[in-house]
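# Architecture at a glance
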Amino acid sequence: MTPMLQITDLVKSFPQPEGGILTVLDVPKLEIEAGEQVALIGQSGGGKTTLLHLIAGLLVPDRGSIRINGTELTRLSEQGRDRFRAGAIGYVFQTFNLLPAFTAIENVRLGMTFGNGMQEPERASELLLRVGLADRERYRPSQLSVGQQQRVAIARAMAGKPKLLLADEPTANVDPGSAETVLNLIRHTCREEHVALLMVTHDMHVASKFDRVEELDEMNRAFTSIDHS
Amino acid sequence: MSLIQIAWRNFCHRSLSSILTTLSLALGVGLVVLVLSIYGVISEAFTRNASVGYNLVVGPKGSPLQLTLNSVFYLSQPIENLPYTEYMEFMTQDQRKAVVDRFGGDPSLAERGGRYAPYLGDGFVIPLALGDYFGEFRVVGTTPDFFEKLRHGPNVDQPFTFSAGRALEEFSPEHSYFEAVVGSRVANQMNVGIGDKFYPTHGDPSGHGHELGFTIVGVMDPTGTPNDRAAFVNLEGFYLMDGHAKPIESEESDEPESDEPESDEPESDEPESDDSDDDAGANVEEDGEKREARPEEYRLLSILQREVTALLVQTDPNNLFFGPAVQNAINEGIRSQAAAPVGEITKLMDLIVGPLRNALLVITLITCFVAAVGILVAIYNSMNDRRRDIAVMRALGARRSTVTAIIVLESMLVAIIGAVLGWILAHAAIAACSSRIEDQTGVQVGFFSTSSNEIWILPLVLALALIAALLPAWSAYRTDVGSNLSA
Ligand SMILES: Nc1ncnc2c1ncn2[C@@H]1O[C@H](COP(=O)(O)OP(=O)(O)OP(=O)(O)O)[C@@H](O)[C@H]1O
Ligand SMILES: [Mg+2]
């Protein structure tokens, strides 16, 4: 059985403002099975967000291979990656990134519109119900609490029926009580829809809930070669 | 959600900026529509009336424009008159003999046919005598032919119709020579109708009144032509009245024919008929009391006493060369001139109205351009806030082309709403002023009267909006997802 995500010899570097090129990521291997839930921890600036962007196809690696569900991402054109991302990947941001012009339910529906393009208003409502916001459908992000916003963002990420959910520190901006709720919500929803989950966190308490925890700094050859003094 | 819904949401989200941008565009579009409409009204007032139903106006030597303004539009300062013999040049020998027999004049006039008569064919000639006013409206002395032979309307095929009554007759038992027909606006504004009598005033609208009254026997339907603003009286009655306006019996009685109107037999006048002074002495009641007209009391003027201000001439419609031929022949003579009203009107339009419209159009197009720049600035300024939104949409799966399309659609929304709003504003303004416009120009306009050029406004505005959207759209297209997603 092919893994849901299969990364081999992935290298990504950025040009530095002061000149020169900094290699941020050099990951020999990372695999995630379908439906598996993995916590990714690592130091700030260690390249976690960069890795998620690469997996989502928002960034292009310098070298190496990213296979998602058998599709080699690096062989796709930008348009192909856009289409692939829309169909296969959900993304929950550290800062929610709800669209302020749209209500809660509309934000969820946008996840579908831009995702696989399906128009299922019932699914949007159902997702909001599942994250406990059935009574907040017509609220705008500015009218929601921080925790509520993050829950809308989760519903939105799930709206397009992804196979892989990428979550970038989704609990970092939420109070500890809500963090627990949000975490459970993500994990529960992913399990229900059989979605593989790769969640970035630097909260050891959060990470401890996962069966599998990957330390990026350990597997990242680039990281160990950088002087982090 | 459809892209239009998404664009609409963005429009609403930045409501103040969107509304202000849209309003400025609406004002620009409104200005353009107003200018087009005003120009349309002006050109319609002129050109629609240029389809006058005749191809030449003949009048005294002078400015052809002045002649046209007077005889076609009943505007401008009154002009000199022509001797009646000029009119007779359009008559056949038989007709000339009948005129000489009836009114009296040089018998030699009956010995030949009119010089221009052969050119008339199926056409006609209609005399006009101008100079008097009914209120502020011109009084036009003419013959019943005016109502029988003239046509108006876009295809010049509609006869004059009457909302009440009938055309005037040259002589009727009840009203003798004193029947009148009024145009629709005259009837409205002067508040007169069938059976009412009016007394034309001489020279200018506030001048003193003649003592002979004309009885209104017909009110014309609106035609949208200057005829709506005229009061038509029987030419014969006009002659009888005219002398009263300019009494000549006290002064220079050296011309024998001018103050002996009593003779109703053909007079043997001198063949010279180029007396230039206004010697239209007529049979008038000496007691000055306004009395009922009775036929037996009036003696018609002799040919020498008669004058016409202008002749409306339609040369034989079967021969297109007759018009220019007659025009040249007349203009080579010393006494009168012939002008083609359509040509004069077109010249006037080209001379005044055209450049005026162009100037106004340039100004308003600049306004539209500025409004379009406003769209650009408004959207481009919002791009900073939007970069994150665009990155989020991209991360959710939207393509570059999709986010670009949303920006363009938003600009289109501003353009469409602005254009429609501007159009409505302008037409509401026009509708609000419609009665005044009709009063001033005789052109009827309503909310839905549009000029053909207005069709171009929406495409033009959309094109401008598209151009205005290019820069922000390009910026949206290039928005980098990764760097704009991070907190
Ligand atoms: N567009 C870019 N250009 C240049 N350098 C970049 C760019 N994006 C990221 N970097 C660098 O790459 C490194 C990794 O950044 P990244 O955002 O992936 O870290 P992170 O592990 O997510 O950190 P944090 O836990 O603080 O979110 C940082 O040193 C950053 O300066
Ligand atoms: Mg990060």
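Structural data are supplied above this passage.
Residue indices begin from 1 for each chain and proceed along its sequence in written order. Chains carry letters and ligands carry numbers; both start at the beginning, A for chains and 1 for ligands, and go up in the order they are written. With the structure being a predicted model, the display of local features is reserved for residues of pLDDT at least 70 and the display and counting of side-chain atom pairs for 80 or more, all residues being used for whole-chain, interface and lining totals. Processing note: side-chain calculations cover all non-hydrogen atoms of the structure and skip hydrogens and water entirely.

## Notes on the overall build of chain A
Each helix and strand in chain A was counted, giving 9 helices and 9 strands. Classification of residues uses two cut-offs on accessible area relative to the type maximum, computed with a 1.4 Å probe and protein chains only: under 20% is buried, over 50% is exposed, and between them is partly exposed. Scored against the burial criterion, the 229 residues of chain A give a buried share of 55%. Residue contacts are counted whenever heavy atoms from the two residues lie within 4.5 Å of one another. Residue pairs at least 24 apart in sequence account for 72% of intrachain contacts in chain A once pairs closer than 6 positions are excluded. Under the convention used here, a 1.4 Å probe and the Shrake-Rupley method define accessible areas, while residue burial counts only the protein chains that appear. Total accessible area on chain A is roughly 9,600 Å²; 49% of this is exposed by carbon and sulfur atoms. Numbering goes from the N terminus for both helices and strands, where a helix is a DSSP run of H or I of at least four residues and a strand is a run of E of at least two.

## As for the sheet that holds strand E5 (residues 71–72) of chain A
Residues and elements named next belong to chain A. Across the sheet, 4 strands lie side by side as E2-E1-E4-E5; this open sheet has antiparallel pairing. At either end of the open sheet lies a strand with only one pairing partner, and these are strand E2 (21–32) and E5. In the sheet, strand E4 (residues 63–68) pairs with E5 via 2 bridges, with the strands oriented antiparallel. Its bridge partner lying in E5, Ile68 is registered against Thr71. Fitting a line to C-alpha atoms yields each axis, with helices limited to the stretch in contact; the angle taken between N-to-C directions then spans 0 to 180 degrees. Each of strand E1 (5–15), E2 and E4 touches helix H1 (residues 48–56); the most contacted strand, E1, lies at about 120° to it. Pairing between strands is defined by DSSP: at least two bridges between them are needed.

## Overview of the nonpolar core
By nonpolar core we mean a set of buried residues, namely Ala, Val, Leu, Ile, Met, Phe, Trp, Tyr and Cys, connected to one another through side-chain atoms within 4.5 Å. The biggest cluster of nonpolar side chains holds 82 residues, and the ones touching the most others in it are A:Ile7, A:Leu51, A:Ile55, A:Ile68, A:Leu166 and A:Leu198. Residue contributions to this core peak at 12 residues, all from helix H10 (residues 341–395) of chain B. Core analysis: the second largest hydrophobic core is formed by 48 residues, B:Leu82, B:Phe198, B:Leu212 and B:Ile216 among them.

## As for the interface of chain A and chain B
The partner chain B presents 22 residues to the 27 residues of chain A that form the contact. Buried area, as used here, totals the accessible surface that two parts lose on assembly, with accessibility defined by a 1.4 Å probe and the loss added over both. Across the chain A to chain B interface the summed buried area is about 2,400 Å²; carbon plus sulfur atoms make up 60%. If you sort the residues of chain A by the area they bury against chain B, A:Asn97, A:Phe102 and A:Phe114 come out on top, with a joint share of 23%. By convention in these notes, a salt bridge is any Lys or Arg side-chain nitrogen within 4 Å of a carboxyl oxygen on Asp or Glu. The interface formed by chain A and chain B includes 4 salt bridges.

## What about the packing of helix H3 (residues 64–73) of chain B against H10(B)?
Relative placement of two packed helices is described by the angle separating their axes and the distance separating the axes. Residue and element names in this part refer to chain B. Taken N-terminus to C-terminus, the directions of H3 and H10 make an angle of 110°; their axes are 10 Å apart at the nearest point. With respect to each other, H3 and H10 are oriented roughly perpendicular. Here H3 contributes Pro64, Leu65, Thr68, Leu69, Val72 and Phe73 to the contact with H10, which in turn contributes Pro341, Glu344, Ile345 and Leu348. Split into classes, the residues belonging to the contact of H3 with H10 amount to 8 nonpolar, 1 polar and 1 charged. Should an angle lie under 35 degrees it is considered roughly parallel, over 145 roughly antiparallel, and from 65 to 115 roughly perpendicular; all remaining angles are considered oblique. The residue classification treats Ala, Val, Leu, Ile, Met, Phe, Trp, Tyr, Cys and Pro as nonpolar and Asp, Glu, Lys and Arg as charged. All others, Gly included, are polar.

## Description of the packing of helix H11 (residues 400–432) of chain B against helix H13 (residues 457–478) of chain B
All names here are of chain B. In contact at an axis separation of 8 Å, H11 and H13 are set at 150° when each is read in the N-to-C sense. In terms of their interaxial angle, H11 and H13 are classed as roughly antiparallel. Where H11 crosses over H13, the handedness of that crossing is right-handed. Taking contact as the criterion, the partners of Arg400, Ser401, Val403, Thr404, Ile407, Val408, Ser411, Met412, Ala415, Ile416 and Ala419 in H11 are, on H13, Leu458, Val461, Leu462, Ala465, Leu466, Ala469, Pro472, Ala473, Ala476, Tyr477 and Arg478. Here the residues of the contact of H11 with H13 sort into 17 nonpolar, 3 polar and 2 charged. Here a crossing is called left-handed whenever its near helix is offset anticlockwise from the far helix by less than a right angle, and right-handed whenever the offset is clockwise.

## Quick notes on the packing of aromatic side chains
Only centres within 6.5 Å qualify two rings of Phe, Tyr or Trp (six-membered ring in Trp) as a pair; their planes then separate them into stacked at under 30 degrees, edge-to-face at over 60, and tilted for everything else. In this structure the tally under the stated criterion is 19 aromatic pairs over all chains. Centre to centre, the rings of B:Tyr84 and B:Tyr87 are 5.2 Å apart; their planes meet at 85°, and the pair counts as edge-to-face. With B:Tyr84 and B:Tyr87 both in helix H4 (residues 84–88) and 3 residues apart, the pair spans about one turn of that helix. The class of B:Tyr84 is buried, set by a relative accessible area of 4%. Each residue in the set B:Tyr74, B:Phe146, B:Phe147, B:Phe160, B:Phe162 and B:Phe232 is aromatic and connected to the rest through ring pairs, giving one cluster. Placement of a charge over a ring requires the Lys NZ or Arg CZ to be within 6 Å of the ring centre, with the centre-to-atom vector within 35 degrees of the ring normal. Sitting over the ring of A:Phe210, A:Arg187 keeps its end group 4.3 Å from the ring centre.

## Re the site of ligand 1
All names here are of chain A. Residues are classed as near a molecule or strand on a simple rule: at least one heavy atom within 4 Å of it. In the region of ligand 1, the neighbouring residues are Phe14, Pro15, Val24, Gln43, Ser44, Gly45, Gly46, Gly47, Lys48, Thr49, Thr50 and Glu169. As used in this structure description, the phrase polar contact means that two N or O atoms lie within 3.5 Å; if the pair is within protein, one of them must be able to donate a hydrogen and the other to accept it, and residues adjacent in sequence are counted only when both atoms belong to side chains. Within the side chain of Ser44, one N or O atom sits 2.6 Å away from an oxygen atom of ligand 1. Side-chain polar atom of Thr50 to an oxygen atom of ligand 1: 2.6 Å apart, as the coordinates give it. Compared with its free state, where it exposes 630 Å², ligand 1 has 62% of that area covered by protein. Top element by residues in the shell around ligand 1 is H1. It accounts for 3 residues. The residue inventory of the shell around ligand 1, partitioned by class, reads 3 nonpolar, 7 polar and 2 charged.

## Some words on H13(B)
A helix's residues, less one, multiplied by 1.5 Å, set its expected span. Taking 1.5 Å as the rise per residue, H13(B) with 22 residues should run 32 Å; its terminal C-alpha atoms sit 31 Å apart, in good agreement. Roughly 40° is the biggest bend found in H13(B), and it falls at B:Leu470, with proline B:Pro472 one to four residues downstream. A residue's bend is given by the angle between axes fitted to the 7 residues ending at it and the 7 residues starting at it.

## Structural notes on the pattern of salt bridges
All told, the structure shown has 30 salt bridges over all chains when counted by the stated rule. In this structure, the salt-bridge partner of A:Arg212 is A:Glu36, at a minimum N-O distance of 3.0 Å. Pair noted here: A:Arg212 is in strand E9 (residues 212–215) and A:Glu36 is in the loop between E2 and strand E3 (37–41), with a separation of 176 residues, a long-range link. Across the pair B:Glu344 and B:Lys347 runs a salt bridge, and its minimum N-O distance is 3.2 Å. Highlighted residues: B:Glu344 and B:Lys347, both in helix H10, separated by 3 residues, approximately one helical turn. Linked by salt bridges that have partners in common, A:Glu78, A:Asp82, A:Arg85, B:Arg394 and B:Arg400 make up one network.

## Description of the sheet that holds strand E8 (residues 196–200) of chain A
All names here are of chain A. Judged by pairing direction, the sheet is parallel, and its 5 strands sit side by side in the order E6-E7-E8-E3-E9 without closing on themselves. Looking at which strands have only one partner, the edges of the open sheet turn out to be strand E6 (89–92) and E9. On average, each strand axis in the sheet is inclined to that of its neighbour by 20°, with strand direction left out of account. In terms of strand pairing, E3 meets E9 through 4 bridges, oriented parallel. Note that in E9 the partner of Leu40 across the bridge is Glu214. The sheet strands contacting helix H2 (residues 78–88) are E6 and strand E7 (164–168), and the helix crosses E6 at an angle near 80°. Sitting on the sheet, helix H6 (residues 176–193) touches E3, E7 and E8, and the angle it makes with E8 is about 160°.

## Some points on the pairing of strand E15 (residues 336–339) of chain B
Both faces of the sheet carry side chains from a regular strand, because those side chains alternate between them. All names here are of chain B. Every second residue of E15 is oriented toward a common face, with Ser336 and Ala338 on one face and Gln337 and Ala339 on the other, all of them buried. Bridge count for strand E1 (residues 56–60) against E15 is 4 bridges, and the pairing is antiparallel. When the bridges of E15 are listed, Val58 appears paired with Ala338.

## Here we look at unusual backbone geometry
Residues and elements named next belong to chain A. Positive phi, close to 55°, is recorded for Asn69, a residue that is not glycine. Within the secondary structure, Asn69 is located in the loop between E4 and E5. Of note, the phi angle at His194 is positive, near 55°, even though the residue is not glycine. Note that His194 resides in the loop between H6 and E8.

## Side note on a nonpolar patch on the surface
All names here are of chain B. Taken together, Leu16, Ile19, Leu20, Leu23, Leu27, Leu421 and Leu425 make up a surface patch of nonpolar side chains, about 650 Å² in accessible area. Listing elements by their share of the nonpolar patch, those giving two or more residues are helix H2 (15–47) and H11. Counting residues per element, the nonpolar patch draws most heavily on H2, which supplies 5 residues. By the element assignment, Leu23 lies in helix H2. Patch criteria: residues need more than 30% relative accessible area and no salt bridge. Like-charged residues are merged within 9 Å; nonpolar side chains of Val, Leu, Ile, Met, Phe, Trp and Tyr are merged within 5 Å.

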